[in-house]
Every structure is written in C-alpha cells, then in structure tokens.
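Observations on the model geometry
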Amino acid sequence: MTMIAETEEDREARYVAEHPEISAAVPSWADELEVDLDDPDDVAFMGRRTVGSIEIIASGDHTPEGAALAPDDAFSLWLPAHELHENTGRALAAHARRIAVDLITAAALLDEKAAA
C-alpha cells in the first residue's frame, strides 16, 4: 500500500475543519484563510482578501481557550509601494487613481464588518 504524505495545505485544512471557531473569528469579508501550525499551543491565523492591487488582512490566534483576532494589530492594509515607480507623471497618476479605487472598495468592506 502506498502512503501519500500529507501536505502543509492538507494539515491546515484539516486543522481548520476540526476548529470551526477559527473560521467564525475571521471577518466575513475575508475570502482566504491561512493558519500557521508551527506552535501547536498558539496557532496564528490570517484571513485575507485582495482588492485590486491591495490586500486587507485580519490576524489572530487560536489557543486552547479559543480563537480571537489580535486586539492590538488585528487588521492590516498592504499597499503595493514597490509598484509606484512609473516612467511618466501621467502613468503614476493613473496608477494612483487605481489604488484609490481599491482603497475605497476595501474601506467599504471594512465598514460593512464594523456595522455588523
């Protein structure tokens, strides 16, 4: 009988399935969920959503007491700073407008969660 090694993604999926409180703690706007299983007594998790060129992230911890978003730095907004180098002022202005639209969309998602 051939044994197939469990991948990291399989381990993460199994852990999340066994601990539905993690999914319950992640904001509804998140469309991806990652867990870090390096420390079995304090599993870090992160819900994320990419909105155009930016990324909204909510992070937390799952301990034997349950799952909760981190109180001090639960939410992060990642901007594509490395992409802001354009050859012309016009190209940079167009890029800035695209990011502005992405930020407005991300803000609406975060407002939606705060109102819930």
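Residues numbered from 1 in each chain as written. Predicted model: local features only at pLDDT ≥ 70, side-chain atom pairs only at ≥ 80, totals over all residues. Heavy atoms only, no water.

Section: the pattern of salt bridges
- A complete count under the given rule lists five salt bridges for this structure.
- The salt bridge partner of Glu6 is Arg14, with a shortest N-O separation of 3.0 Å.
- Overall, the relative accessible area of 39% leaves Arg14 in the partly exposed class.
- Among the ionic pairs, Arg14 bridges to Glu18, the shortest N-O distance being 3.7 Å. Of this pair, Arg14 and Glu18 both sit in helix H1 (residues 8–18), four residues apart, roughly one helical turn.
- What emerges from the salt-bridge pattern is a single network uniting Glu6, Arg14 and Glu18. (Salt bridge = Lys/Arg side-chain N within 4 Å of Asp/Glu carboxyl O. Buried < 20%, exposed > 50% of the residue type's maximum accessible area, 1.4 Å probe, protein only. Helix = DSSP H or I, 4+ residues; strand = E, 2+ residues; numbered from the N terminus.)

Describing the confidence of the model for the protein chain
- When pLDDT is averaged along the protein chain, the result is 83, and 84% of the positions lie at 70 or above.
- Within the protein chain, the lowest mean pLDDT, 79, falls on strand E5 (residues 75–78), and the highest, 93, falls on strand E1 (residues 32–36). (pLDDT = per-residue confidence, 0-100.)

Remarks on a negative patch on the surface
- Together, Asp36, Asp38, Asp39, Asp41, Asp42 and Asp61 make up a negatively charged patch on the protein surface.
- Within the secondary structure, Asp39 is located in the loop between E1 and strand E2 (43–51). (Patch = residues over 30% accessible without salt bridge, like charges linked within 9 Å, V, L, I, M, F, W, Y side chains within 5 Å. Areas by Shrake-Rupley, 256 points an atom, 1.4 Å probe, with all protein chains shown as cover. Lys, Arg positive; Asp, Glu negative; His and termini not counted. Charge placed at Lys NZ, Arg CZ, Asp CG, Glu CD.)

Looking at H1
- Taken residue by residue, H1 has Glu12, Tyr15 and Val16 as its buried positions. Within H1, the buried residues cover an arc of 95 degrees as seen down the axis, which keeps them to one side. (Arc of directions from axis to C-beta.)

Details of the nonpolar core
- Among the nonpolar cores identified, the biggest contains 17 residues, and Trp29, Val35, Phe45, Val51 and Ile56 are the most heavily contacted of them.
- Among the elements of the structure, H1, helix H2 (20–25), E2, strand E3 (54–63) and helix H3 (89–115) are those that each provide at least two residues to this core. (Core = buried A, V, L, I, M, F, W, Y, C linked by side-chain atoms within 4.5 Å.)

With respect to the side chain of Asp102
- With respect to the element layout, Asp102 can be found in helix H3.
- The side chain of Asp102 is buried and forms no salt bridge, while Arg98, the nearest opposite charge, is found at 6.9 Å.
- Once residues within four sequence positions are removed from consideration, Asp102 is found in contact with Val51, Gly52, Ser53 and Ile54. (Contact = heavy atoms within 4.5 Å.)

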